[in-house]
Every structure is written in C-alpha cells, then in structure tokens.
Amino acid sequence: IDVLGAIIPELLPLRGFDQHTPYHCYDILEHTAYVVQYVNPTPLLRWAALLHDIGKPAMFFVDGQGIGHFKGHARVSGDIARDIMQRLKMRPRFARHVEMLVRQHDDRVEPSERAVKRRLAKLEYDPDLMRALCNLKRADALAHSPDYRTPRVERSAAVLSCLDKILEEEQAFKISDLAINGSDVIAAGIQ
C-alpha cells in the first residue's frame, strides 16, 4: 500500500480502518483488496473496485449501539474518484464510467424489468455498464462478512438475468428506441 499510496494518497486512510459493523469482517483496505480481486479483471472494474469505498473514512459515524455507518459514502467516493482520475489524466469517458460505477455501487437494484431499465437510464443506457455494475456489486458482496454475502450475490445474479431477458426480447430502454414515433401514429390516422 505504501507504493500505491505514493500515487494515490487517498488510499492510505483505508488501512486499519475498522468499520465497526457486522456486515464487514475486514478493514476498509482489506475489503477493497478483496473487491479488486473478485471483479472481472478489466481496467474499468479494477479501478471502480479500488475506488468504490475511498470516501468511507470521511463519512464514518457510530450510532448509539456502537455500529458504524457510512451514509453518503458512495457520493463522496465518486467525488474523490473523479479527482484522482483527473489528476492521473485518465481518458474522460473512462473516468466518467468509473465514477458512475463508484457512485452507484451501493444503490439497491431490484431484479425487475422496471428497476433494471431505470438503472440503465442512469448508466447511459449502456448494457455493458449495467453488467459492470452488477459485477462490482457481486464482488463487493463477496468481500462482506460470510453471513451477509449470499443475498447480495443472488440479487446481482437476478438483476443480470433480468437484463439478459430485456436484451433478448429487444425491449425498448427509452422512447427513442421504439419502432414507431408520434409521426408514425399520426400518419396512421390516429389523433
């Protein structure tokens, strides 16, 4: 971490940071390392995994029961990720996609066509970004405490199945994807 911390010093506070939550059995840095290990080995996913929880130390608080929380950490992590990628002069499109994944990695996506289509809208209607988000969410779940892994992993798989069904059926993601438009309806004599 010391070498990586020389390039990305924002990672250093993650080392040894106890999350004080039953959902996590690792400190933030160990958790991050496992997420990086579990995602598919693409640059997009590896960067998103590396930066997905980088904002947690800034958002940490402990409730009355002694449980740690990080509300809003995905938004802050996205801001920090954007700054890091600008500093490292990454390609703007690549950096934007990493930032999108980081910001959305903690959002709950239900395995329904409506929810998947809504999420696709937040991912530039890009099915590959949706698959990447599901992969990141699965890897993040695998890096949680064993008692909390399975439901999240299963939800990610169900969301992917729903995405596959939408794509297989060639369903429209947005109005401009429809086979007809308002002019076609008017031309058919419908007012």
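Right above here is the structure, for reference.
Residues numbered from 1 in each chain as written. Predicted model: local features only at pLDDT ≥ 70, side-chain atom pairs only at ≥ 80, totals over all residues. Heavy atoms only, no water.

A.B. asks: Mind showing me how you'd approach the pattern of salt bridges here?
C.D. replies: Where charged atoms of side chains with opposite charge meet at close range, the side chains can pair. For the structure shown, the criterion picks out 13 salt bridges. Across the salt bridge formed by Glu124 and Arg96, the nearest N and O atoms sit 2.7 Å from each other. Taken together, the positions of Glu124 in the loop between helix H7 (113–122) and helix H8 (127–142) and Arg96 in helix H6 (residues 92–104) put the pair 28 residues apart, joining distant regions of the chain. Its relative accessible area of 37% is what places Glu124 among the partly exposed residues. Since its relative accessible area comes to 36%, Arg96 is described here as partly exposed. Asp164 serves as the salt-bridge partner of Arg131, at 2.9 Å between the closest nitrogen and oxygen. Pair noted here: Arg131 is in helix H8 and Asp164 is in helix H9 (residues 149–168), with a separation of 33 residues, a long-range link. Judged by its relative accessible area of 31%, Arg131 is partly exposed. Each of Asp79, Arg82, Asp83, Glu99 and Arg103 takes part in salt bridges that share partners, so that together they form one network. (Salt bridge = Lys/Arg side-chain N within 4 Å of Asp/Glu carboxyl O. Helix = DSSP H or I, 4+ residues; strand = E, 2+ residues; numbered from the N terminus. Buried < 20%, exposed > 50% of the residue type's maximum accessible area, 1.4 Å probe, protein only.)

A.B. asks: What is the right way to look at the environment of Arg118 in this model?
C.D. replies: Position of Arg118 among the secondary structure elements: in helix H7. With 51 residues separating them in the primary sequence, Arg118 and Ile67 have C-alpha atoms 32 Å apart.

A.B. asks: Any chance you could explain the nonpolar core here in plain terms?
C.D. replies: Counting 42 residues, the largest nonpolar core has Leu51, Val98, Val116, Met130 and Leu136 as its most contacted members. Contributions of two or more residues to this core are made by helix H2 (28–38), helix H3 (43–51), helix H5 (73–87), H6, H7, H8 and H9. (Core = buried A, V, L, I, M, F, W, Y, C linked by side-chain atoms within 4.5 Å.)

A.B. asks: Honestly, the layout of surface pockets in this entry has me stumped. Any pointers?
C.D. replies: Any empty space left between atoms is shown by rolling a water-sized probe over those atoms. In this structure, the largest pocket occupies an estimated 580 Å³ of space. For the largest pocket, the lining is made up of 26 residues, of which His24, His73, Asp106, His144 and Arg152 are closest to its centre. Elements with a minimum of two residues in the lining of the largest pocket: strand S2 (68–69), H8 and H9. Classifying every residue of the lining of the largest pocket by side-chain character gives seven nonpolar, nine polar and ten charged. (1 Å grid on protein atoms, 1.4 Å probe; cavity = no way out; pocket = protein on both sides within 12 Å on 5 of 7 lines; lining within 4 Å. Points joined across faces, edges and corners; volume = space filled by probe spheres on them. Nonpolar A, V, L, I, M, F, W, Y, C, P; charged D, E, K, R; others polar.)

A.B. asks: Looking at this structure, how should I read the packing of H3 against H8?
C.D. replies: When two helices pack together, their arrangement is captured by the angle between the axes and the distance separating the axes. It is the contact of H3 with H8, at a shortest axis distance of 10 Å, that shows an interaxial angle of 45°. Here H3 lies oblique to H8, going by the angle between them. The element H3 and its partner H8 pack so that their crossing is right-handed. Contacts between H3 and H8 involve Leu44, Leu45, Ala48 and Ala49 on the former and, on the latter, Leu129, Ala132, Asn135 and Leu136. (Axes fitted to C-alpha atoms, helices over the stretch in contact; angles between N-to-C directions. Parallel < 35°, antiparallel > 145°, perpendicular 65-115°, else oblique. Left-handed = near helix turned anticlockwise from the far one by under 90°. Contact = heavy atoms within 4.5 Å.)

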